[in-house]
Amino acid sequence: MLPGPVPFARDEAPMNTRSPRDDHELQEERRRLALADRDISEGEGRIARQAELIARLRQEEQDTASAERYLHTLQETLAVWHEHRRLICEAIRRLEAKDRA
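All of these numbers come straight from a predicted model, not from anything done at the bench.

Scoring rules and cut-offs
- Residues numbered from 1 in each chain as written.
- Predicted model: local features only at pLDDT ≥ 70, side-chain atom pairs only at ≥ 80, totals over all residues.
- Heavy atoms only, no water.
- Helix = DSSP H or I, 4+ residues; strand = E, 2+ residues; numbered from the N terminus.
- Contact = heavy atoms within 4.5 Å.
- Areas by Shrake-Rupley, 256 points an atom, 1.4 Å probe, with all protein chains shown as cover.
- Salt bridge = Lys/Arg side-chain N within 4 Å of Asp/Glu carboxyl O.
- Buried < 20%, exposed > 50% of the residue type's maximum accessible area, 1.4 Å probe, protein only.
- Core = buried A, V, L, I, M, F, W, Y, C linked by side-chain atoms within 4.5 Å.
- Axes fitted to C-alpha atoms, helices over the stretch in contact; angles between N-to-C directions.
- Parallel < 35°, antiparallel > 145°, perpendicular 65-115°, else oblique.
- Left-handed = near helix turned anticlockwise from the far one by under 90°.

Trainee: Go over the overall build of the protein with me, naming the residues and quoting the values.
Mentor: Along the backbone of the protein there are two helices and zero strands. Sequence-distant contacts, at least 24 apart, represent 76% of the contacts inside the protein between residues at least 6 apart. Accessible area of the protein: about 8,000 Å², with a carbon and sulfur share of 54%.

Put into structure tokens, the structure is as follows:
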């Protein structure tokens, strides 16, 4: 006599529910995260250099208005990049959660 079907053990890990498309999407999101991190790092460097320029202009008693406007634009752009990075991380967490679903 052959044994019947083996019941699913509760302590066994569930099967991966990610599709090949999900795997590709996860890989793309990780690539986007690396690019976002690079952009953020470079943006922070630009902001630091611009702040140094403004300090130097002030020491020389030169007009800083346009340099300060540019600094403000850089800071706003960096904030957008941080939000973009947050969204990428959220997408990665969602895709990775499919492994644990």
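Trainee: Tell me about the pattern of salt bridges, and please be specific about residues and values.
Mentor: Under the counting rule described, the total for this entry stands at twelve salt bridges. One salt bridge in this structure joins Arg30 and Glu96, with 2.6 Å as the shortest N-O distance. Residue Arg30 is located in helix H1 (residues 20-59), and its partner Glu96 is located in helix H2 (residues 65-100); the two are separated by 66 residues in the primary sequence. Overall, the relative accessible area of 25% leaves Glu96 in the partly exposed class. The network of salt bridges with shared partners includes Arg38, Asp39, Glu42 and Arg46.

Trainee: Pulling in residues and values, what's your account of the nonpolar core?
Mentor: By size, the foremost hydrophobic cluster in this structure holds eight residues: Ile40, Ile47, Ile54, Leu57, Ala67, Leu71, Leu74 and Leu78. When contributions to this core are tallied by element, the ones reaching two or more residues are H1 and H2. In contact with Leu57, not counting residues within four places along its chain, are Gln62, Asp63, Thr64 and Ala67. Counting residues in each nonpolar core, the second largest holds seven residues, with Leu26, Ala36, Ile92 and Leu95 among its members.

Trainee: Give a detailed account of the packing of H1 against H2, specifying residues and quantitative values.
Mentor: A packed helix pair is summarised by two numbers, namely the angle formed by the two axes and the spacing between the axes. One way to put it is that H1 packs onto H2 with a least axis distance of 8 Å and a crossing angle of 160°. In terms of orientation, H1 lies roughly antiparallel with respect to H2. Read as a crossing pair, H1 and H2 show a hand that is left-handed.

Trainee: Could you give an account of the side chain of Glu29, with specific residues and numbers?
Mentor: Relative to the elements of secondary structure, Glu29 occurs in helix H1. Overall, the relative accessible area of 11% leaves Glu29 in the buried class. Every residue in contact with Glu29, bar those within four places of it in the chain, is listed here: Ile88, Ala91, Ile92 and Leu95.

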